[in-house]
Structures are given as C-alpha cells and as structure tokens.
Protein chains: 2
Amino acid sequence: MSNTDFRLTPQRKIILEELMETDTHLTAAEVYEIVRARLPRISLGTVYRNLETLSQLGMIQKLEVGGTQKRFDGKTNIHYHVRCLSCGRVDDAPIEPQTALEEAIEGLTDYEIIGHRLEFVGLCLKCGKKPGGEARTRA
Amino acid sequence: MSNTDFRLTPQRKIILEELMETDTHLTAAEVYEIVRARLPRISLGTVYRNLETLSQLGMIQKLEVGGTQKRFDGKTNIHYHVRCLSCGRVDDAPIEPQTALEEAIEGLTDYEIIGHRLEFVGLCLKCGKKPGGEARTRA
DNA sequence: TCAATATTAGTAATGATAATTATTATTGAA
DNA sequence: TTCAATAATAATTATCATTACTAATATTGA
Ligand SMILES: [Mn+2]
Ligand SMILES: [Mn+2]
Ligand SMILES: [Zn+2]
Ligand SMILES: [Zn+2]
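Calculation criteria
- Residue indices begin from 1 for each chain and proceed along its sequence in written order.
- Throughout, the order in which chains and ligands are written sets their labels, letters from A for the former and numbers from 1 for the latter.
- Given that this is a predicted model, residues contribute local features only at a pLDDT of at least 70 and side-chain atom pairs are listed and counted only at 80 or more, while totals for whole chains, interfaces and linings are drawn from all residues.
- For the side-chain quantities, the full set of heavy atoms in the structure was used; hydrogens and water were omitted.
- What makes a residue near a molecule or strand is one non-hydrogen atom of that residue sitting within 4 Å of it.
- Here a polar contact is taken to be a pair of N or O atoms separated by no more than 3.5 Å, where protein atoms must pair a possible hydrogen donor with a possible acceptor and residues adjacent in sequence count only if both atoms sit in side chains.
- A helix here means a DSSP run of H or I that spans at least four residues, while a strand means a run of E at least two residues long, and both kinds are numbered starting from the N terminus.
- Paired strands are those between which DSSP finds at least two bridges.
- Distances up to 2.8 Å from the metal define which N, O and S atoms are donors, and 3.2 Å serves for Na, K and Ca; water is absent from the atom set, so sites may look incomplete.
- Buried means the residue's accessible area, taken with a 1.4 Å probe over protein chains only, is under 20% of the maximum for its type, while exposed means over 50%, and partly exposed covers the values in between.
- The criterion used for residue contact is that any of the two residues' heavy atoms lie within 4.5 Å.
- Accessible area, probed at 1.4 Å, shrinks when two parts are joined; the buried area is that loss added up over both.
- We define a salt bridge as a side-chain nitrogen of Lys or Arg found within 4 Å of a carboxyl oxygen belonging to Asp or Glu.
- Here the term charged refers only to Asp, Glu, Lys and Arg, the term nonpolar to Ala, Val, Leu, Ile, Met, Phe, Trp, Tyr, Cys and Pro, and the term polar to all other amino acids, Gly among them.
- Every geometry call rests on angle ranges, with four donors termed tetrahedral when all angles are between 85 and 135 degrees, four termed square planar and six termed octahedral when opposite donors are over 155 degrees apart and all others are between 65 and 115, and everything else termed irregular.
- We superpose the copies by least squares over the C-alpha atoms of residues that have a pLDDT of at least 70 in both of them.

(A) Structural context of the protein's contact with DNA strand D. If you check the shell around DNA strand D, you find 18 residues, and the closest are Tyr48(A), Asp5(B), Thr9(B), Thr46(B) and Arg49(B). Between a phosphate oxygen of DNA strand D and a main-chain N or O atom of Lys70(A), the distance comes to 2.9 Å. Between Asn50(B) and DNA strand D, the recorded distance is 3.3 Å, taken from a side-chain N or O atom to a phosphate oxygen. Elements supplying a minimum of two residues to the surface near DNA strand D: α3 (44-56) of chain A together with α1 (10-20) and α3 (44-56) of chain B. For the surface near DNA strand D, the element with the most residues is α3(B), which contributes 3 residues.

(B) Representation of the sheet that holds strand β1 (residues 26-27) of chain A. Residues and elements named next belong to chain A. On the basis of which strands lie adjacent, the open sheet formed by 3 strands has the order β1-β3-β2 and antiparallel pairing. Strands at the two margins of the open sheet, each flanked by one partner only, are β1 and β2 (61-63). In the sheet, β1 pairs with strand β3 (residues 71-73) via 2 bridges, with the strands oriented antiparallel. Considered in β3, the bridge of Leu26 is made with Phe72.

(C) Quick peek at the coordination of the manganese ion (ligand 2). Residue and element names in this part refer to chain B. The coordination sphere of the manganese ion (ligand 2) contains the protein donors His25 (NE2), Asp73 (OD), His79 (NE2), His81 (NE2) and Asp92 (OD), at a distance range of 2.0 to 2.2 Å. Expressed as a motif, the donor residue spacing for the manganese ion (ligand 2) is H-x47-D-x5-H-x1-H-x10-D. Taken together, the residues His25 in the loop between α1 and β1 (26-27) and Asp73 in strand β3 (residues 71-73) connect sequence positions 48 residues apart. Here the two residues His25 and Asp73 agree in accessibility, since each one is buried.

(D) Structural detail: the interface of chain B and chain A. Facing 39 residues of chain B, the contacting portion of chain A comprises 39 residues. Across the chain B to chain A interface the summed buried area is about 3,100 Å²; carbon plus sulfur atoms make up 63%. Run the count over chain B and chain A and you get 4 salt bridges. In this structure, Glu64(B) and Arg83(A) form a salt bridge, with 3.4 Å as the shortest nitrogen-oxygen distance. Where chain B touches chain A, the interface holds 16 residue pairs in polar contact (both at pLDDT 80 or more). Listing elements by their share of the side of chain B that touches chain A, those giving two or more residues are β4 (81-84), β5 (90-92), α4 (99-105), β6 (112-123) and α5 (125-128) of chain B. Per element, the largest residue contribution to the side of chain B that touches chain A is 12 residues, and it comes from β6(B). Per-class residue counts for the side of chain B that touches chain A are 21 nonpolar, 8 polar and 10 charged. Bridge analysis of strand β6 (residues 112-123) of chain A against β6(B) gives 11 bridges, and the strand direction is antiparallel. The partner of Leu118(A) across the bridge, within β6(B), is Leu118(B).

(E) Spotlight on the coordination of the zinc ion (ligand 3). Residue and element names in this part refer to chain A. Every protein donor of the zinc ion (ligand 3) is listed here as Cys84 (SG), Cys87 (SG), Cys124 (SG) and Cys127 (SG), and their distances to the metal cover 2.3 to 2.4 Å. Coordination at the zinc ion (ligand 3) is tetrahedral, judged from the 4 donor atoms that bind it and the angles of 103 to 114° they form at the metal. Here the donor residues of the zinc ion (ligand 3) are spaced in sequence according to C-x2-C-x36-C-x2-C. With Cys84 in strand β4 (residues 81-84) and Cys124 in the loop between β6 and α5 (125-128), the pair connects residues that are 40 residues apart, well separated along the chain. Residue class for Cys124 comes out buried when judged on its relative accessible area of 5%.

(F) View of the protein's contact with DNA strand C. The environment of DNA strand C is made up of 18 residues, and the closest members are Thr9(A), Arg12(A), Thr46(A), Arg49(A) and Tyr48(B). The contact atoms of DNA strand C, taken as those within 4 Å of the protein, divide so that sugar and phosphate hold 80%. In this structure, a phosphate oxygen belonging to DNA strand C sits 2.6 Å away from a side-chain N or O atom of Thr9(A). Arg7(B) has a polar side-chain atom sitting 3.4 Å from a sugar or linking oxygen of DNA strand C.

(G) Here's a closer look at the relation of the copies chain B and chain A. Note on the identical chains: chain B maps onto chain A by a rotation of 180° and an axial translation of 0.0 Å, with an RMSD of 0.0 Å. Both copies are brought into coincidence by an operation consistent with a two-fold rotation axis. For chain B, the minimum C-alpha distance to the rotation axis belongs to Leu118(B) and amounts to 2.3 Å. A share of 100% of the interface residues of chain B reappears at the interface of chain A, consistent with the copies meeting face to face through the same patch.

Structure below.
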C-alpha cells in the first residue's frame, strides 16, 4: 500500500494549471467558472474538495483575506497581499516578509507564535481614480 | 428632522456594555448568548443588526480575523491581534501599529493604500503547552 | 482479472449572516 | 395631550459560502 495515493486527476491538473497561470487570487467560485470552460462536467463540490486537498498538500495556498470568500494562490511561498476595498481584488504586495514583527511580540504574550498575516487594504487602480469606480461591495 | 436619530435602545446599550467589559473579541453568536442573560427576548437578528450599526457608527469595531466568524471589539483604536489556531481565541497583540509598513509599499503598487491588517497566529497558553490541548478547530 | 481504494458528479445539509415583515416604541409637531 | 411619522424590534425567511453525503465511476496493484 503506497502511502502516496494522491492521484493527479484531470480535474486536479486543470485546477492547478489555472491557478498557476493567474495572479489574481481566485475564489472557489471563480476557479469553478474558469475550469468549467475546459471541463464542463466538473462539479462545484469537486472544486472545493480539491482546492482543500491541494492546499493541504502544500501545492497551493488557501488565503484568509478579508471579505466573505476564501481565495486561492498558486504561489506557496510566504508573502503579503493588498486587497481592494471596493471590488475585492487581491494582488501580491511588493514587500518582503517582516520577520522582525514576530521577534517584536515574542515573549510579550502568552501565545506560542507560529506566524503572522499582513494584508494591506486600499483602492485598486480601477476603483481608486475616477469618482465612483465600481460598486462598493460589502466587507 | 434631526439627523441624529440614533436611539440608544436597551438592546444596544447592553450589547455595548458587554462588549466594553470583555477583552475576548466576541463573535455575534457569543454576544447573543451573553446578552440573552440580561434580555431574554432579544433576537439574534437584532444582535447582528446592531453590531453592524454600532460598528458603522464607529462605536465598536468589526474584526475580520481568520476563521469563519467575524468578531467584535469594544476598543475602537487601531491595534493588532493574536489568534489561536487551535481554539480560535483572539487577544490584543502588545505591539504598536507599524506605520512604517504602509510607507514601505507606498508607490510600489497601483493601489491607493488606506490601511493594513496585521494578525499574529499561534497557540494560546491553554492550547500550546500540554500535548493535546483543545480540539483543533478548522480555519 | 478483480477486489480494494480513490475520486467523482450530483445533491443535500450546514453555518453565518442578511433581508423581510408585521408589530411595538419613540418622537416631535399640531 | 394626541397622533402621524419614524425608528427599532422579534420572528421568520432567504442568501451565500462551504461541507457532507451518496451512489456511480475510475484507477490501482496483487
Ligand atoms: Mn499571492
Ligand atoms: Mn482588540
Ligand atoms: Zn478595485
Ligand atoms: Zn487556544
């Protein structure tokens, strides 16, 4: 019984491919829409299940950014994000991980610190400039 | 027509009081349970509606921490948090807001930066020490 | 070849939160 | 005071994201 019984099914392969070749941090629903163009019979449940599996295996990253939906990242290294308060768009933040932050709280709390999450919020190019922009979504 | 038609109803007063005198960053469901001890007829919808209203007015803060539930904070000043990966507990992080972070990305992105959120994650005293601790909850 | 195992599509269930609605409470002008 | 306008409530229903279940299909390796 090989312990490596992870099968790279067509569904998983395509989900991975689509996540790799985009930098927009898709939601599960967005992944579903995109993958459906290539695999019309895939089900939303399969997308959720595999996004979970793949992130569990460290092949992708599940992001807990603000807002109501989780987002998924083809990049697995530690990095920060910027989120648009208006349209929800999430981009990578061009700033290196600040290890100093964890050193700063070390010992000041009862917690055993494992990591940290830093998210910048603001308005993306599209939403920020012109008055109005896109409809403001909640959260 | 006075524009200040916010009424400090008993429901709102008690929700506020309970949020003020705790430092544990309650979820809506937890607020509901606690307030119910004093106002047994209050409805969960009222709790949600007023938590939203109060945070809209800047009287409390709605926190978008990791996990599945929003949490509410009686403190309205900007500060960071530590969250336990095991039990979900959220405490204030004893570290000052780092304005330098926003200065660091300023100009490096297309975004108009408005703010940032920093959350440390780890294991609280109760969950971290003894092997086992509480049952690990998801997210 | 074939039984064990993994994965799927489809659907139902769950959990958090928001919207609706009919009723009650408060306000301020007549 | 009285009463119409407004605000807020309790109760209920709806929505949205996500997870669980289930029966069918696919893959694996002895
Ligand atoms: Mn990213
Ligand atoms: Mn706090
Ligand atoms: Zn935007
Ligand atoms: Zn804990």
